[in-house]
Number of protein chains: 2
Amino acid sequence: MPNRSYVYDFDHVHELPPRELADLLGGKGANLAEMTSVLQLPVPPGFTISTEACRAYLRHGWPDGLAEEVSAAVRRLELRIGRRFGDPAEPLLLSVRSGARFSMPGMMDTVLDLGLNDRSVQALAHLTDRRFALDSYRRLIGQYARVVLGVPGEAFETLLDDVKRQAGVRTDAALGADALEAVVAASLQTVQEHTGAAFPQDPALQLRGAIEAVFRSWGSPRAVTYRTRERIAADLGTAVNVQVMVFGNRDARSATGVGFTRNPVTGSAEPYGDFLVNAQGEDVVAGIRRPQPLAAMQTAFPAAYDELLSIFERLERHYRELLDTEFTIEQDKLWMLQVRVGKRTGAAALRLAVAMVDDPAIALDQGEALQRVRPEHLEAVLHPTFSASGTVIATGLAASPGAAVGQVCLSADAAVDAAEQGHDVILVRAETSPEDVHGMQVARGVLTVRGGLASHAAVVARGWGIPAVVGAEGIEIRDGGFTATAADGVTVLVPEGTVISIDGNSGEVMLDALATVVGEPPPEFDVVLGWADEVCEGVLEVRANADTGPDATRARAFGARGVGLCRTEHQFLGERLPLLRRAILATTDDDEAVALAELAAVQRADFEALLAAMDGLPVTVRLLDPPLHEFLPSLEDIAGQEASGQPLSDQERALHAATRLWHEQNPMLGTRGVRLGILRPGLYRMQVAALLDAVAARLAAGGRPMAEIMIPLVVGREELALVRGWVQDEIDAATRRHGRDLAAGGAVAIGTMIETPRAALRAAEIAEVADFFSFGTNDLTQMTFGFSRDDVESRIMPTYLAEGLLAHNPFETIDVDGVGELVSLGVARGRAGRADLAIGVCGEHGGDPASIAFFLGAGVDYVSCSPFRVPIARLAAAHAVLARRGRPDTAPADR
Amino acid sequence: MPNRSYVYDFDHVHELPPRELADLLGGKGANLAEMTSVLQLPVPPGFTISTEACRAYLRHGWPDGLAEEVSAAVRRLELRIGRRFGDPAEPLLLSVRSGARFSMPGMMDTVLDLGLNDRSVQALAHLTDRRFALDSYRRLIGQYARVVLGVPGEAFETLLDDVKRQAGVRTDAALGADALEAVVAASLQTVQEHTGAAFPQDPALQLRGAIEAVFRSWGSPRAVTYRTRERIAADLGTAVNVQVMVFGNRDARSATGVGFTRNPVTGSAEPYGDFLVNAQGEDVVAGIRRPQPLAAMQTAFPAAYDELLSIFERLERHYRELLDTEFTIEQDKLWMLQVRVGKRTGAAALRLAVAMVDDPAIALDQGEALQRVRPEHLEAVLHPTFSASGTVIATGLAASPGAAVGQVCLSADAAVDAAEQGHDVILVRAETSPEDVHGMQVARGVLTVRGGLASHAAVVARGWGIPAVVGAEGIEIRDGGFTATAADGVTVLVPEGTVISIDGNSGEVMLDALATVVGEPPPEFDVVLGWADEVCEGVLEVRANADTGPDATRARAFGARGVGLCRTEHQFLGERLPLLRRAILATTDDDEAVALAELAAVQRADFEALLAAMDGLPVTVRLLDPPLHEFLPSLEDIAGQEASGQPLSDQERALHAATRLWHEQNPMLGTRGVRLGILRPGLYRMQVAALLDAVAARLAAGGRPMAEIMIPLVVGREELALVRGWVQDEIDAATRRHGRDLAAGGAVAIGTMIETPRAALRAAEIAEVADFFSFGTNDLTQMTFGFSRDDVESRIMPTYLAEGLLAHNPFETIDVDGVGELVSLGVARGRAGRADLAIGVCGEHGGDPASIAFFLGAGVDYVSCSPFRVPIARLAAAHAVLARRGRPDTAPADR
């Protein structure tokens, strides 16, 4: 025997428990070995050809020595069973199944009944039943021809249809033995015709063919696509499991089924699954006959049922997990064919986590329980999802999770009207702007034609927890409706008022009102997130992006430990827009002062509500950031208005002039943030004064306000030092005005966003004048890549991801190699400049699990995300902390 | 005597030659000491109070011991001259002059005649002449009151005017002794009234007051502004020179003058300057009397003239420089009052450099001669300049150097018409686009209202050497002309056709046709640049940005060692625009192929001309970089056209649809560069094939083409690897097509621009698939700062520079601290990825001297700039190399 073997019997004694050897044995093989050798469950004997063999095959072809090892393993099976593979009189039949480290669609699944040929089929008929034997043989020929020999499957379907028509029957099951004999003959003929060679009669050749087919299927296009998308390494290879056949389709005392150790939908502690009498696994998949619920086994196969329940209990205690099994009953004898961790719904995941920690027989470790709850599980219980599918007429970017149904409204005003009449509304716009906000407020969902995941529509929808699909470029808005092109290429006209469904999880737009399931967190939600907070305490906190008191209240209810980003410009929208415009259009200092004073009054009230909602927790207020043109009409609109020849009022004329004045080629890199603050100092001073008045009011009311004033878009120390001076002046003035030291006791801090590459590079000197940093990773990503998110995300990103030019969308998950280096550098230099610098992240990445793990490693103190995302961020933060403590944060083994 | 003294007599023996002690003695003091102690020229005795004393004064007030040192120094002067300071019978008079390391406007200049008072003026009158004595005293009182006591100068002017009116005379010189006595009395009265104290009669007090005034003037607003602009350190301080008075205004045998050792205008070897009989320096400055040319001294003061010429010769041999002197003749005795390096014109600088190297008596070192020629000198001989000044009606950014005069044309077509009629044209546009190029081609100068130094107008004008002023935001274009507001606040209407003058060196727009001086390099131009090339050989080369054969020919004539950037999009302008539009609008692959084939044909011809012009030198061809919308109408225009209600043709409709499709929020960060190349691969393949055909044609013609294919805007390795694969395919195809290996012998290289921050960070892996890098520092600066140059440069930059938020405009001189770190990092990582990587810079910084010095230090192999900038870059490169070889690259000492 060579030093290292390619083939391991299921009861091979390894140095480690087999379940830990999925890298070597594949997931399926590892668990078959675990059941066989550790748990000693009734598993049909077999062996696993390791992933190493596959890797060797993919590099250099069939590995030396593998044939001998397989022969030896088959001989061991023959000795154990007492029948010989390929024996013409009493044949041993084998199955071959793939089994990679992670289960993977697109790979060859199964070839059953290997060992049958023209002679052994007669013996099998003799030993069992002629119809059963012929049916098994014709299945083998068809399956083998398709997956091993590459004969198109339709050839066999046609042939079967012909025979059924001749026999005057409708289902395969109704075909008698004679008809099946004809099918066998025709199938053999078909193989000959398509391949120019006879179906291999030698069982050893059959086996080798099946094994090679499994190896080759690792490189099938579907498997490659899947691995690319799921980021599974391309060089893992798959194992191959060769196993003695058992027959659920042997007779009425036989059956096949799938069983979960608990209910994977609700998480309740009852066995769950179904089974089909006299059937093979593929019949269950085909869905021709309706399976019975598992409980019915109690009467149909009482002994097997009891044994199965007992096995479930042993499996759960052993794996300390919800398990998903496949089993077969052959003439009342139960055989276990597979076990793996069971997929579950969000609610079940939460219940299971708590139940398995509480159950003394399982006593799952709390950290491990926490790791098993995945972000998707929380999403599922927080947002409605569709429980049905419909005709997809367009696909955009999944911008804000959840399922929404409503009638199409093409303007914000129409949306308000329809909502007032009691209709559910989907607001459909080319793109949204602050002028659409009143329509978004009443909409169930938002759909836009243009824009990326950071577009106005996306950001606002996420902030409010409204499902949204953006950048659905296949849609064209026309008078009174829109057109869209379905997958079949047919263009559909969707008039305003039509009910549609949009899926903010998938980005799909569908016709009709699809049924939805409401997201409803179970009581265990808070238990699990409580564990998460314990893990994260003092290491990595989660704050929320919130602009108003109600937002902040909601965020706090979701567990946010403060507001990490209040975008003050959002307070200028809707009915306050005219006030801001008045300040922009002001031609004298007095005019500006009057307009600013009115804005200050409303901002003060907003800030007070925010500070009250987050009493005792920090509230980071970002001074005005966007370029002024965002508050003005578009150049295109005013050009149209002017060309139309209608006379303009003086005010319109002034507005048009201001629009032209503030128009920019690349507003993202233009007069915004601290630059605007420095050009129009009155704005920043007004905002700071309003915030300080709010702090004073909260202090007077006995509250504990913690205001953090954040200056956006700095490129170096000097800008921050200048504005910090102004803020200090305002603090002094407010302290005199209110007769108490407003900055005492940490009530006011002054910091900056790090969102230009230069700010990250110059972090050391910037930190000299900053109490805190907050990384704006959206802008940092835009500038580091030179990607305008609005422009690039829908147009270029799909191609870049499909071509493998980017491993993932850097606006969703932080680009560790590029942007990440700047973040790490910014953190290190910032702390070098000021050791006690507080550092957060307030970009969209603050709610992304993979990014959160990176930020923890970079040394960030907190992340901030939209309120609805806070629970997910809390969970992800805990996962990240646990992973850094040496507990690998892997997805469950069922991937 | 303390260990370290504050006061040094002019003949003090220092450890170093005094001229090297300008840090301690100031420029003036160092040269006075050099003339006195080393050259032993006739200098009125005196002493210098060091800059250390000034620094001590500015920190802690009047320094301990300084008064005693000054007294001792005055006593030494008294002993030497034989008269006592403040002696009522035979007074010694002193002058006090400031003298910092660099000469600096805004600092106190001079107080003369210190030591005069009510008593000593009588003695002086007795010793010399009553009128002279009284005139000297009234000058002292006025000057002292103004600069030391802070009395407004007008008080004395009014007083003098009153006396002149009473006396019935018009000039000061016509006032007799009695009138001057009245002036003295009134002046003393004025001092009393304004300061509440009498004019100090104690000479020691006068002296101390004058010294303190010099110290204080270091902090005068004008001096501070000047230092900030010229980047002179704020803590240098100034020295004070105290010197025995000599009187050029004593009588007709006295005179004062300035003299250059050679002609500073032409550089020819003849003394140059002028003098005024019976006058003081301030009379020369006042310009009331017309001075005589220096040559006239030969007859007026023959002995002094001979002595002066002999001194000039000694000074030149000693300093090995063109010198600028001040002198006084008192009763036929010549006194040297100052010597410094003389300012010179560009032509003179070039001639002098060569002449002083060639002159065996001077034998200037070639490297030092090279360093004395400054970039401004070359600019002056390359571009026309205005020789007169006019009414400035607007100021924009100085975008392309030179002076231009012509009539205003508001459209490209109007410009072409006017030029065809033989008029000189200034094209005035809100901004320019490719559609204006035919108008720019015929214009003498270009003026735009919007846009920065990297705007289309600026880049094209620099490329063609046309003077341009851009971003003149005070201008408003109206029907038939434009309005502008002059400095006096008056708004001027400038109708189309009016002749204006624009100064591309200062950014000023002036009414009328101002006289210009044509730039004309003297023969020494090539000698000096030849020296520069010798210094740079193999260390740092200079290439040019050139898009056409004629551009490249011109660049080569200017000394470019290749083309560092051919912007292929420029080849799509003008009459070829419809071809490109056809490719953009193509709805079928066939349509696109036809349009691309036509473009390929014209590009091939362009490339062939470029390669021919640069035969044997590298030509870097950047594949299409700008976003497609640059070749389409503006959104504003099409909205206007649609709203106007005029029917649209099908073609217009398609054009409008394409405009909307390719419109982007932030095109600078949008679908451009390699991103566009990947979305529309046909474009890049066409360009590469066209270039390869040109290479083949050049090879067939026996030429030595060296094509470098440059992929713009990559963010990582993968994009470059993908496109490199396409390029390789095209090379293979072209090799088959032409029957010879086109890539052999270095005829084709493939590289990339490093212009996104991420590309700089990921340079190591990008270098694995690149033959060369070229840093696009314009875009790198835009992205690192988050500054859209078009938007920020005219709107924000002035404020940022004025407020000291940025030390300089980072688009003109590379931001060493931020962008520079990315460049250094990109170079180091790139070479780590591939040791023999060739690295260049093709951003605008490639022509900026300070940036060139940085690039040399970062390890760049070449810089590329516009053809007209090549000589300056060659010179700057040589300066940088010399500086790195330990030869400090300082401006001449006359700053």
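For the structure given in this document, a descriptive report is provided here.

### Focus on the overall build of chain A
(1) Moving on: The number of helices and strands found in chain A is 35 helices and 33 strands.
(2) Moving on: Across its three principal axes, chain A shows a C-alpha extent of roughly 105 × 60 × 55 Å.
(3) Moving on: Out of the 895 residues belonging to chain A, those deemed buried represent 58%.
(4) Moving on: Restricting the contact set of chain A to residue pairs at least 6 apart, pairs at least 24 apart contribute 68%.
(5) Moving on: Split by element, the accessible area of chain A, about 34,400 Å² in all, is 50% carbon and sulfur.
(6) Moving on: Chain A carries 83 positive and 119 negative side-chain charges, and their two centres are separated by 4 Å.

### So, the pattern of salt bridges
(1) Moving on: Across all of its chains, the model carries 113 salt bridges over all chains by this definition.
(2) Moving on: Its salt-bridge partner being Glu321(B), residue Arg372(B) comes within 3.1 Å of it at the nearest N-O pair. Here Arg372(B), found in helix H14 (residues 366-372), pairs with Glu321(B), found in the loop between helix H12 (302-319) and strand S11 (323-330); they are 51 residues apart in sequence, far enough to count as distant.
(3) Moving on: Overlapping salt bridges, with partners in common, bring together Arg320(A), Glu321(A), Arg344(A), Glu368(A) and Arg372(A) in one network.

### Some words on the relation of the copies chain A and chain B
(1) Moving on: Once chain A has been moved 0.1 Å along the axis and rotated by 180 degrees, it coincides with chain B to within an RMSD of 0.2 Å. What the rotation and shift describe, once combined, is the action of a two-fold rotation axis.
(2) Moving on: When the interface residues of chain A are mapped onto chain B, 100% of them are again interface residues, pointing to one common binding face.

### Description of the sheet that holds strand S16 (residues 403-409) of chain A
All names here are of chain A.
(1) Moving on: Reading across the sheet, the eight strands line up as S14-S24-S23-S16-S17-S18-S19-S15 and stay open at both edges, with mixed pairing between neighbours. Looking at the sheet topology across the chains shown, the edges are occupied by strand S14 (392-395) and strand S15 (397-400). For this sheet, the mean angle separating the axes of adjacent strands, direction not counted, is 30 degrees.
(2) Moving on: As paired strands, strand S17 (residues 425-429) and strand S18 (residues 445-448) are joined by four bridges and run parallel to one another. Bridge pairing in S18 links Arg 429 to Thr 448.
(3) Moving on: Its contacts with the sheet put helix H16 (residues 412-420) on S16 and S17, and the angle it makes with S17 is roughly 175 degrees.
(4) Moving on: Along the sheet, helix H18 (residues 456-464) makes contact with S15, S18 and strand S19 (468-470), crossing S15 at roughly 45 degrees.

### So, the packing of helix H21 (residues 577-585) of chain B against helix H22 (residues 589-613) of chain B
All names here are of chain B.
(1) Moving on: Between H21 and H22, the least distance of the axes is 8 Å, while the angle of their chain directions is 155 degrees. Classed by the angle they form, the pair H21 and H22 counts as roughly antiparallel. At the point where H21 passes H22, the crossing takes the left-handed sense. Where H21 abuts H22, its residues Leu 579, Leu 580, Arg 582 and Ala 583 lie against Glu 592, Val 594, Ala 595, Leu 596, Glu 598 and Leu 599.
(2) Moving on: Of the residues assigned to the contact of H21 with H22, the class counts are seven nonpolar, no polar and three charged.

### Section: the pairing of strand S5 (residues 94-100) of chain A
One face of the sheet, then the other: side chains in a regular strand alternate in exactly this way.
All names here are of chain A.
(1) Moving on: With seven of seven residues buried, S5 lies mostly within the body of the structure.
(2) Moving on: The alternating pattern of S5 places Leu 94, Val 96, Ser 98 and Ala 100 on one face and Ser 95, Arg 97 and Gly 99 on the opposite face, and all of these are buried.
(3) Moving on: Sheet analysis places S5 next to strand S6 (residues 110-114), joined by three bridges and oriented antiparallel. Across the sheet, the residue bridging to Leu 94 is Leu 114, located in S6.
(4) Moving on: With seven bridges connecting them, S5 and strand S7 (residues 238-244) associate as antiparallel partners.

### Observations concerning the packing of aromatic side chains
Residue and element names in this part refer to chain A.
(1) Moving on: As enumerated under the stated definition, the model contains 24 aromatic pairs over all chains in all.
(2) Moving on: Ring centres 6.5 Å apart and planes at 50 degrees place the aromatic pair Trp 62 and Phe 215 in the tilted group. Of this pair, Trp 62 sits in the loop between helix H2 (51-60) and helix H3 (66-81) while Phe 215 sits in helix H8 (residues 203-217); the two residues are 153 residues apart in sequence, bridging distant segments of the chain. Here the two residues Trp 62 and Phe 215 agree in accessibility, since each one is buried.
(3) Moving on: Measuring from centroid to centroid gives 6.4 Å for Phe 787 and Tyr 800, while their planes differ by 80 degrees, and the two rings are edge-to-face. Here the residue Phe 787 occupies a position in the loop between helix H30 (777-785) and helix H31 (789-795), and Tyr 800 occupies one in helix H32 (residues 797-802), the gap between them amounting to 13 residues.
(4) Moving on: In this structure Phe 787 comes out as buried when scored by relative accessible area, which is 0%.
(5) Moving on: Judged by relative accessible area, Tyr 800 falls into the buried class, the value being 1%.
(6) Moving on: Chaining the aromatic ring pairs together yields one cluster made of Tyr 57, Trp 62 and Phe 215.
(7) Moving on: Sitting over the face of the ring of Trp 62, Arg 208 holds its NZ or CZ atom 4.0 Å from the ring centroid.

### Describing the interface of chain A and chain B
(1) Moving on: In this complex, chain A contributes 55 residues to the contact, which on the side of chain B involves 55 residues.
(2) Moving on: In total, about 4,900 Å² of surface goes out of reach between chain A and chain B, with carbon and sulfur atoms giving 56% of it.
(3) Moving on: Looking at the side of chain A facing chain B, the largest losses of area belong to Leu669(A), Arg758(A) and Arg795(A), adding up to 13% of the total buried there.
(4) Moving on: Applying the counting rule to chain A against chain B returns ten salt bridges.
(5) Moving on: Put simply, Arg795(B) and Glu664(A) hold a salt bridge, and the shortest N to O gap is 3.1 Å.
(6) Moving on: In terms of residues, the side of chain A that touches chain B owes the most to one element, helix H23 (residues 635-643) of chain A, which gives five residues.

### What about unusual backbone geometry?
(1) Moving on: One non-glycine residue with positive phi stands out, namely Asp512(A), at about 75 degrees.
(2) Moving on: Turning to its location among the elements, Asp512(A) is positioned in the loop between strand S24 (508-511) and strand S25 (516-517).
(3) Moving on: Even without a glycine there, the phi angle at Asp113(B) is positive, about 65 degrees.
(4) Moving on: Note that Asp113(B) resides in strand S6 (residues 110-114).

### So, helix H26 (residues 681-700) of chain B
Because the α-helix completes a turn every 3.6 residues, residues three or four places apart line up on one side.
All names here are of chain B.
(1) Moving on: Helix length check: H26 (20 residues) gives 28 Å between terminal C-alpha atoms against 28 Å at 1.5 Å per residue, within 8%.
(2) Moving on: With respect to burial, H26 is a largely interior element, 15 of its 20 residues being buried.
(3) Moving on: One or two steps after H26, the chain reaches Gly 702, where phi turns positive at roughly 85 degrees.

### Some points on the sheet that holds strand S20 (residues 476-478) of chain B
Residues and elements named next belong to chain B.
(1) Moving on: Read across the open sheet, the three strands follow the order S20-S21-S22; overall the sheet is antiparallel. Lying at the two open borders of the sheet, with one neighbouring strand each, are S20 and strand S22 (491-495). The sheet shows a mean angle of 25 degrees between the axes of neighbouring strands, taken without regard to direction.
(2) Moving on: Sheet analysis places S20 next to strand S21 (residues 481-485), joined by three bridges and oriented antiparallel.

### A look at the packing of H22(B) against H26(B)
Residue and element names in this part refer to chain B.
(1) Moving on: One way to put it is that H22 packs onto H26 with a least axis distance of 8 Å and a crossing angle of 40 degrees. Considered as vectors, H22 and H26 are oriented oblique to each other. H26 is crossed by H22, and the crossing has right-handed handedness. Counted together, Glu 592, Leu 596, Leu 599, Ala 600, Gln 603, Arg 604, Phe 607, Glu 608, Leu 611 and Ala 612 of H22 and Gly 682, Leu 683, Met 686, Gln 687, Ala 690, Leu 691, Asp 693, Ala 694, Val 695, Ala 697 and Arg 698 of H26 form the full contact between these two elements.
(2) Moving on: Grouping the amino acids of the contact of H22 with H26 by side-chain chemistry returns 13 nonpolar, three polar and five charged.

The rules behind each value
Residues numbered from 1 in each chain as written. Chains lettered and ligands numbered in written order. Predicted model: local features only at pLDDT ≥ 70, side-chain atom pairs only at ≥ 80, totals over all residues. Heavy atoms only, no water. Helix = DSSP H or I, 4+ residues; strand = E, 2+ residues; numbered from the N terminus. Buried < 20%, exposed > 50% of the residue type's maximum accessible area, 1.4 Å probe, protein only. Contact = heavy atoms within 4.5 Å. Areas by Shrake-Rupley, 256 points an atom, 1.4 Å probe, with all protein chains shown as cover. Lys, Arg positive; Asp, Glu negative; His and termini not counted. Charge placed at Lys NZ, Arg CZ, Asp CG, Glu CD. Salt bridge = Lys/Arg side-chain N within 4 Å of Asp/Glu carboxyl O. Least-squares fit on C-alpha atoms with pLDDT ≥ 70 in both. Pairing = 2+ DSSP bridges. Axes fitted to C-alpha atoms, helices over the stretch in contact; angles between N-to-C directions. Parallel < 35°, antiparallel > 145°, perpendicular 65-115°, else oblique. Left-handed = near helix turned anticlockwise from the far one by under 90°. Nonpolar A, V, L, I, M, F, W, Y, C, P; charged D, E, K, R; others polar. Phe/Tyr/Trp six-rings, centres within 6.5 Å; stacked < 30°, edge-to-face > 60°. Lys NZ or Arg CZ within 6 Å of the ring centre and 35° of its normal. Buried area = accessible area lost by both parts, 1.4 Å probe. Expected span 1.5 Å × (residues − 1).

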